[in-house]
Every structure is written in C-alpha cells, then in structure tokens.
Amino acid sequence: MSVNLTVGEKEFFPGIGRISFEGPDSANPLAFKHYDENRVIAGKSMKDHFRFAIAYWHSFCGNGSDPFGPGTVDFPWEVPGDPIQTAKGKLDAAFEFITKLGVGFYCFHDRDLAPEGKTVAESEKNLKELAALAKQKQEASGVRLLWGTANVFSHRRYTNGAATNPDFNVLPHVAAQVKAAIDATIALGGDNYVFWGGREGYYSLLNTNTKREIDHLGAFLQKARDYGRKAGFKGTFLIEPKPMEPTKHQYDFDSATVIGFLHKYGLEKDFKINIENNHATLASHTFAHEVQIACDAGLFGSLDVNQGDPHNGWDTDEFLTNLYDATHLMLVLLQNGGIGRGGMNFDAKRRRSSTDAEDLFIAHISSMDTLARGLIIANEILEKSDYLKMKESRYASFDTGDGAKFESGKMGLEELAALAGKLGEPKQISGKQELYEMIVNQYIR
Ligand code: XLS
Ligand code: NI
Ligand code: NI
C-alpha cells in the first residue's frame, strides 16, 4: 500500500506519521509492539490473518456524546451548516487515519459517509457523490471496503422497526436505503454487505405479531439478496446478531438463532454471520463460542472486534484489550480456516474522556497488538502443546467401531440401547478442564 500522509489538502492528524512496528520492548505509544503486518504465522502474514477494518461511525462520526451530555471532541473537518463539505473533510480525515495506521479496510453506514438529504432522491445523490470520492481515495491508497451497510435504525421513522415495522409504509424507505447502500458497496468493490437489525425486534408482545414481523424480515432479505446479485454484487451478505439494545427482544439474537433463520428463509447460500464480541457478551456467550457455532454451520463471515464491560448490560463498544478473549478467538479461527473474506472491524469507540486526537491511534494500536499477541499465543498452543491431541482424543471412541457406526448414522436406537448392557458402566473419564486452562496460561508470556 502506498502511504500518502497528506491525502487531502489539510492534515488532520499532524505530528503523527505512519505507525510502525517497534517490537515488544518499545515504550512508544504510537508504535506496534506485537502487530508486525508482514510477519508470517501459520503460513499467513499477520495482515492477512486479521484484515483489520476501521469503523467509520465510531472513529469519524462519534464525538463522545452520551445520554447525559454532548460531545467532548470537536472534529476539525466539521463545516457548520454544510453537511456535504463536512462529509468530504471527514473522508479526507478517515483516509489519512487509515493509511497512517496501515490498515487495509474500512466499513461504513450510508449515513456515515454522506448526510441524509431532504428527500430520498437527495440522500441517494449525496451517497453517490461521496462514494465516488471514496473510490478515488481507495484507488490512491490501496485501502479497500470490507463492508457497507444502511443505517435503518437511527431515523425516527424506524422507531417501530425497519423491515419488521408493522406499518408497510416504512418498508419502501428501508428498501430505498438498502438498495442505495448495496449500490455504493458494489461501486466500491466491497467484499461484504452487512445487515444489523437494530430496530428489528420488539419491546412488548402485547402489541406485536412476531410471526408476521420475522416473515417480513425473511422476505425483505430475500429481495435484497436478489437485487444485489442482479446488480452484480459478488460478495457475501452478512447478518450481525445482537440479542437486545435498542429493542428488548432482537430477532437476530445470536449465531444459533441466525443460523436457523437463514435456513428457514433459504438465505444460507448467500448470507453468513458477522459476529461482534460485545453482542456475544449481551447474549451470555463468549466471542469464541459465537464464532465456533457459526464456523460449525459453515456460516462464519466476519467480525466486529470490540469488547463490553461484564458489569454493564449494554453495548459499551470498548476497544478489545482482553488478551484471553483474543487468544480464545484466535484458537477458534486458526482451527477453522481463518478469517476468509471477512475481516476484523473495530466496532469500538474511544471513551468519552479520551479527548486527544492521538487517543484514536492509541486505541487501535492497542487492540491490534492484543489480537496479534492472541494469534502468536494461539498458534504456539496449537503447534507446541498437546492441546489438539488432547481435544481430539476425547472423541476417539467415535473414530472406529460402534462409535463410527453411530456417527455415520448407521446405528438405530435399539442397537444403540442394546449396547448398554453389553458394555456395562463406562469408565470415568476426566474432562481435564484445568489442564487445558493451564496450557493456555503457559503460553501467555
Ligand atoms: C450496533 C452494531 C452496529 C453494526 C453496524 O450495536 O454493532 O454498529 O455493526 O450497523
Ligand atoms: Ni457491530
Ligand atoms: Ni454493537
């Protein structure tokens, strides 16, 4: 990737150059300690293991406002009263940031990239204009689009749902936004297109017909897929599960729920799953669990890497710094073929009190280093320890004889039951969980 440090007219992050790898002993907060993009682990460069992507919304739209107070940072690209100029400056800033950090991908919602207009047509025109500029930036920098999506959850018209709204008159607006966002994703060569159903759920069963709503969601996604394929989208559609927030009961609860949904509505060939760590936490799962379940179904798509706070029951979207989560995640990914055409999108924001421009760099660097360490550790566990052998041997009784016969579906319940008397009481076998935990800790060094 060529690095153009002053992509636009103006430099928005002055004093910060291309972030480089300085090794584990470096004390420089603006350097990588573990993420060495060209280092090859398990046959692949770190860059290709992760396919890191910058989340446009948190990094360039979120100014730190929360329900208790306004923003805490002023964006230098903000032109008061001129949303298009602001969007153009934001694009310059985003590409300056992405290239300085040395990340290969980014992700956006339609409304992050371009402002909503007064009419549907004006909104579409804005998005087209900004997407054309983004294309130039991509070509100049080599940065690519991991995924695009439509924000069909912020506007008040979506309060009661987007594709699941009980009022049909809302659906055409969802379609207009999704169609335009798919078009922009195609124009920008995006590898994926995401659906996160923030308003696709409900608060009270008293006023909700869940069957009709979920059927509408299935039908809408079929039509979106059909349009995308017709328009030339060759990438993967992704559903991002989340169990709650903003609605109380979200329909795309977790990986398992989405797997069932995709099969029910015949979407499993075109869709996969985009898994977010903080959403896993809210669903009372671990990140690794969600990824494993999606992999098992052949439906693992991509990742939103962030972390929640186990003491808070909402999506705090923190940068991932938990080395255990990173290690467990990388253990699952390495055993299941890796990130594929997905990537690791930082769906994370700086804390409201982190107000220096460099904090945005530090947050990403810290997370990239955490994941790089997770990768190194997980790879060592797999290559040097007995971990894999131990795990496989737990299932060895299914590899031959009656176990293999059962696994291949050739043993009926009667035959299986008859074996109980013949085999007698099975010998007690330890699950050895503490030993597995010990091995993981042994390699965290
Ligand atoms: C919100 C979601 C959202 C999606 C994209 O919780 O994580 O940011 O990733 O719409
Ligand atoms: Ni997300
Ligand atoms: Ni989220």
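## Points about empty space enclosed by the protein
1) Next: Taken as a whole and assessed by the stated rule, the structure comprises two cavities of 30 Å³ or more.
2) Next: In this structure, the largest cavity occupies an estimated 130 Å³ of space.
3) Next: If you go around the largest cavity, you meet 17 residues; those closest to its centre are Phe195, Trp196, Gly197, Glu200 and Leu217.
4) Next: Secondary structure elements with two or more residues in the lining of the largest cavity: α6 (171-187), β8 (192-196) and α7 (210-230).
5) Next: With four residues, the top contributor of residues to the lining of the largest cavity is β8.
6) Next: Within the lining of the largest cavity, the residues separate by chemical class into 13 nonpolar, two polar and two charged.
7) Next: Roughly 30 Å³ of volume is contained in the second largest cavity.
8) Next: Contributing to the lining of the second largest cavity are Pro241, Lys242, Pro243, Phe253, Asp254, Ile275, Glu276, His279, Ala280, Ala283 and Glu290.
9) Next: Those elements that provide at least two residues to the lining of the second largest cavity are β12 (271-276) and α9 (277-282).

## Regarding the pattern of salt bridges
1) Next: Taken as a whole and judged by the stated rule, the model has 25 salt bridges.
2) Next: Linking Lys88 and Glu129 is a salt bridge whose minimum nitrogen-to-oxygen distance equals 3.3 Å. Of this pair, Lys88 sits in helix α3 (residues 83-101) while Glu129 sits in helix α5 (residues 120-141), placing them 41 residues apart in sequence.
3) Next: For Lys88, a relative accessible area of 26% translates into the label partly exposed.
4) Next: Owing to a relative accessible area of 29%, Glu129 belongs among the partly exposed residues under this scheme.
5) Next: As a salt-bridge pair, Asp191 and Arg341 come within 3.2 Å of each other at their nearest N and O atoms. In this pair, Asp191 sits in the loop between α6 and β8 while Arg341 sits in the loop between α11 (323-335) and β14 (344-346), placing the two residues 150 residues apart along the sequence.
6) Next: Classification of Asp191 as buried rests on a relative accessible area of 6%.
7) Next: Since its relative accessible area comes to 43%, Arg341 is described here as partly exposed.
8) Next: Bridged by salt links that share partners, the residues Arg51, Arg144, Asp191 and Arg341 form one connected network.

## Considering the site of ligand 1
1) Next: Close contacts around ligand 1 come from Trp57, His109, Trp147, Phe153, Trp196, Glu240, Lys242, Glu276, His279, Asp304, Asp315 and Asp347, and that covers them all.
2) Next: In the model, an oxygen atom of ligand 1 is placed 2.7 Å from a nitrogen or oxygen of the His109 side chain.
3) Next: Between ligand 1 and Glu276 there is a distance of 2.7 Å, counted from an oxygen atom to a side-chain nitrogen or oxygen.
4) Next: Alone, ligand 1 offers 290 Å² of accessible surface; in the complex the protein occludes 94% of this.
5) Next: Residue composition of the shell around ligand 1, grouped by class: four nonpolar, two polar and six charged.

Rules used in this analysis
Residues numbered from 1 in each chain as written. Chains lettered and ligands numbered in written order. Predicted model: local features only at pLDDT ≥ 70, side-chain atom pairs only at ≥ 80, totals over all residues. Heavy atoms only, no water. 1 Å grid on protein atoms, 1.4 Å probe; cavity = no way out; pocket = protein on both sides within 12 Å on 5 of 7 lines; lining within 4 Å. Points joined across faces, edges and corners; volume = space filled by probe spheres on them. Helix = DSSP H or I, 4+ residues; strand = E, 2+ residues; numbered from the N terminus. Nonpolar A, V, L, I, M, F, W, Y, C, P; charged D, E, K, R; others polar. Salt bridge = Lys/Arg side-chain N within 4 Å of Asp/Glu carboxyl O. Buried < 20%, exposed > 50% of the residue type's maximum accessible area, 1.4 Å probe, protein only. Near = heavy atom within 4 Å. Polar contact = N/O pair within 3.5 Å; in protein donor to acceptor, adjacent residues only side chain to side chain. Areas by Shrake-Rupley, 256 points an atom, 1.4 Å probe, with all protein chains shown as cover.

Such coordinate-based values are descriptive only and should not be taken to indicate function.
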